[in-house]
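Each chain, letter by letter, is given below.
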Amino acid sequence: MNRINKPSPRILAALAAAALSLAGCEASAPKAEPPLAGAPIGGDFALTNSKGETVRWDDFAGKYRVVYFGYAFCPDVCPTDMSRVAQGLKALKASDPDKAAKIVPIFISVDPERDTPQVVGEFAAAFSPDIIGLTGTPEQIAVTAKAFKVGYGKGEAVAGGGYLVDHTRIVYLFGPDGEPLATLPADLGGDAVAAELDQWVS
Ligand code: NI
């Protein structure tokens, strides 16, 4: 459920793509600028993994990072997006294992009340053993989501108990220095995710 949907990075990406298509008539043009190059997205965080260990953004230095914010109790969107991210990574692992080995997928909870380290870890592992599930205190999650330009908030109550969480639906790709590169088109399926990863990971 996503009332807070498709934020400006997508628009930035579309604008960047449009600009490139205008400039794209030169033969052997250099590799395109990543659509999110220079965007103020991301930043250091201190969160908790499934084992209860503190994990920081800088711990992933040298790795490309796929980052998604969601919640383990999400009935539809998060499981769909995570399965497509996992499919994309699996496809890249098959076609280019060296590239795939440079990527760390990270799932960050926007529902810290219910997503304990164990819950978020089990959710992530259901899609791939490679995905690192992170949660934190409500304050830590709020600071992290803000840095990553992700909105979220408690939504409707669910019949039988519980509640939905409205959240931004976006799959980010960051580079080895933590710089934002692109968004991944999970809405288009695993092959589209793999193709986008293949384009930006080197
Ligand atoms: Ni969701």
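This section reports on the structure supplied with the text.

What counts, and where the lines are drawn
- Residues numbered from 1 in each chain as written.
- Predicted model: local features only at pLDDT ≥ 70, side-chain atom pairs only at ≥ 80, totals over all residues.
- Heavy atoms only, no water.
- Helix = DSSP H or I, 4+ residues; strand = E, 2+ residues; numbered from the N terminus.
- Buried < 20%, exposed > 50% of the residue type's maximum accessible area, 1.4 Å probe, protein only.
- Contact = heavy atoms within 4.5 Å.
- Areas by Shrake-Rupley, 256 points an atom, 1.4 Å probe, with all protein chains shown as cover.
- Pairing = 2+ DSSP bridges.
- Axes fitted to C-alpha atoms, helices over the stretch in contact; angles between N-to-C directions.
- Donors = N, O, S within 2.8 Å, 3.2 Å for Na, K, Ca; no water.

With respect to the overall build of the protein
Next up, step 1: When you go through the protein residue by residue, the secondary structure sums to 6 helices and 9 strands.
Next up, step 2: Looking at the protein as a whole, 46% of its 202 residues qualify as buried.
Next up, step 3: Relative to all contacts within the protein whose residues are 6 or more apart in sequence, the contacts with residues 24 or more apart total 71%.
Next up, step 4: As displayed, the protein offers around 9700 Å² of accessible surface, 56% of which is attributable to carbon and sulfur atoms.

Observations regarding the sheet that holds strand β3 (residues 64-70)
The pairing of strands in a sheet happens through backbone hydrogen bonds and is either parallel or antiparallel.
Next up, step 1: Strand order in this open sheet of 5 strands is β5-β4-β3-β8-β9, and the pairing throughout is mixed. Strands with a single pairing partner mark the edges of an open sheet, and in this sheet they are β5 (132-134) and β9 (180-183). Taken pair by pair, the neighbouring strands of this sheet meet at an average axis angle of 25 degrees, ignoring direction.
Next up, step 2: Sheet analysis places β3 next to strand β4 (residues 103-109), joined by 7 bridges and oriented parallel. By the bridge assignment, Tyr68 is partnered in β4 with Phe107.
Next up, step 3: Along the sheet face, helix α4 (residues 117-125) touches β4 and β5 and points at about 150 degrees away from the line of β5.

Quick notes on the side chain of Asp81
Next up, step 1: Positionally, Asp81 belongs in helix α2 (residues 77-95).
Next up, step 2: If near-sequence neighbours (up to four positions away) are discounted, Asp81 is found in contact with Tyr68, Arg169 and Ala186.

Here we look at helix α6 (residues 190-200)
Next up, step 1: Listing the buried residues of α6 in full gives Gly190, Ala192, Val193, Ala194, Glu196, Leu197 and Trp200.
Next up, step 2: Structurally, α6 contributes buried residues whose contacts are with β3, α2, β4, β8 (171-174) and β9.

What to know about the coordination of the nickel ion
Next up, step 1: Looking at the nickel ion, the protein donor atoms are Cys74 (SG), Cys78 (SG) and His167 (NE2), and they sit 2.1 to 2.3 Å from it.
Next up, step 2: Taken in sequence order, the residues that donate to the nickel ion follow the motif C-x3-C-x88-H. Here the residue Cys78 occupies a position in helix α2, and His167 occupies one in strand β7 (residues 163-167), the gap between them amounting to 89 residues. Residue Cys78 shares its accessibility class with His167, and that shared class is buried.

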